[in-house]
Every structure is written in structure tokens, then in C-alpha cells.
Amino acid sequence: MLEAGSPAPQLTLEDTEGRIVRLADHRGEHAVLLYFMRSTSCPVCHRHVRDLVENADALAAANVRVLIAIPEDRPAAAAWRAKHRIPFPVLTGRRATPHELVGLSRKIFGSMQQSGSILVDAEGIVRHAHGATMPTGSYDKKGITATIAGLRAPA
């Protein structure tokens, strides 16, 4: 898993329309909160995404762009996004899952998908990174909120 203070990884993902989305494309413009769902069938992850949707205006006001990463393929991502009316870009990996690209995949008697989030500031530095094997512990709302407040604080 990534650590706070480290440079953001060079992530290249794909949105539900097949467009390439690079984390680096946001540099210099706004912070990015990338939430990694365990799967589109995870009810706990759904609650976390609903919370992000409910707080979309506050996140936008804080100059934070939200991206949702799922381990499934692009058609599954598009169907899930449409069904749940997700206003954020929903991303998939091009060659590996987004989760593998940031270290959210553990090998325990096979492979176990983790969920979590990273918050990258406008300069491309990871300011918050959190992951968990159990989805109930994957959304660190307090940590994300505190990090965003820190981004907005005058230097």
C-alpha cells in the first residue's frame, strides 16, 4: 500500500467509455480522492460510495475530484455506474486491477481483494492512504476529512 508523503503512482486506468485516465493528468489542477471498491457486489462498499455521492458538493468545493476504482471489467463498471447513478468516473485497470497497481491485493490462501482509498494533492503527493481487508474498515472518512482540511489550511 502507498504511504502518505510519497509521490503518487503513475496510474493509467480506463473509464466506462474506454477513455484513458491518468492520475498525473490531474496534477496542478485539483486533489484526487481515489476510492477502491472491493467489488461492485460489496454492500459495504456501496454505502461508502453513497456517502461520497452525498458529499459530492463539499468535496468539489474543497477542489477534490472523486474517482471510483473497481476490479471488474469495463462493461461491468459501466453497468454498475448506470444502475446506481454514480456521478463520478468509475475506473478499471487496463492490464491489472487498479487495486494491484497500488498494493491493495493480498496473497492469503490465494488472492484477496482489499478496498481502500488514496488522496493525492494537486502537486501529486499522496496525502492519505488507507486500505483494509474487511470492507467495513476501508473507508476512513475522518482521516479523509482531516486530510482535506489540511490541504485547505493556509501555509
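Look up a bit, the structure's there.
Residues numbered from 1 in each chain as written. Predicted model: local features only at pLDDT ≥ 70, side-chain atom pairs only at ≥ 80, totals over all residues. Heavy atoms only, no water.

S.K.: Describe in detail empty space enclosed by the protein, supporting the description with residues and values.
M.R.: Following the criterion strictly, the structure yields one cavity of 30 Å³ or more and no others. Space inside the largest cavity adds up to approximately 40 Å³. Along its surface, the largest cavity is lined by Leu-11, Leu-13, Val-21, Arg-22, Leu-23, Leu-34, Leu-67 and Leu-91. Partitioned by chemical class, the residues of the lining of the largest cavity number seven nonpolar, no polar and one charged. (1 Å grid on protein atoms, 1.4 Å probe; cavity = no way out; pocket = protein on both sides within 12 Å on 5 of 7 lines; lining within 4 Å. Points joined across faces, edges and corners; volume = space filled by probe spheres on them. Nonpolar A, V, L, I, M, F, W, Y, C, P; charged D, E, K, R; others polar.)

S.K.: Any details on the pattern of salt bridges? Residues and values, ideally.
M.R.: Tallied over the full model, the rule gives four salt bridges. As a salt-bridge pair, Asp-51 and Lys-141 come within 3.0 Å of each other at their nearest N and O atoms. Taken together, the residues span a long stretch of sequence, with Asp-51 in helix α1 (residues 43-54) and Lys-141 in helix α5 (residues 141-152) at a distance of 90 residues. Classification of Asp-51 as buried rests on a relative accessible area of 14%. By relative accessible area, Lys-141 is classed as partly exposed at 37%. Salt-bridge contacts for Asp-121 lead to Arg-127; the nearest nitrogen and oxygen are separated by 2.7 Å. Given the relative accessible area of 6%, Asp-121 is considered buried. Owing to a relative accessible area of 38%, Arg-127 belongs among the partly exposed residues under this scheme. (Salt bridge = Lys/Arg side-chain N within 4 Å of Asp/Glu carboxyl O. Helix = DSSP H or I, 4+ residues; strand = E, 2+ residues; numbered from the N terminus. Buried < 20%, exposed > 50% of the residue type's maximum accessible area, 1.4 Å probe, protein only.)

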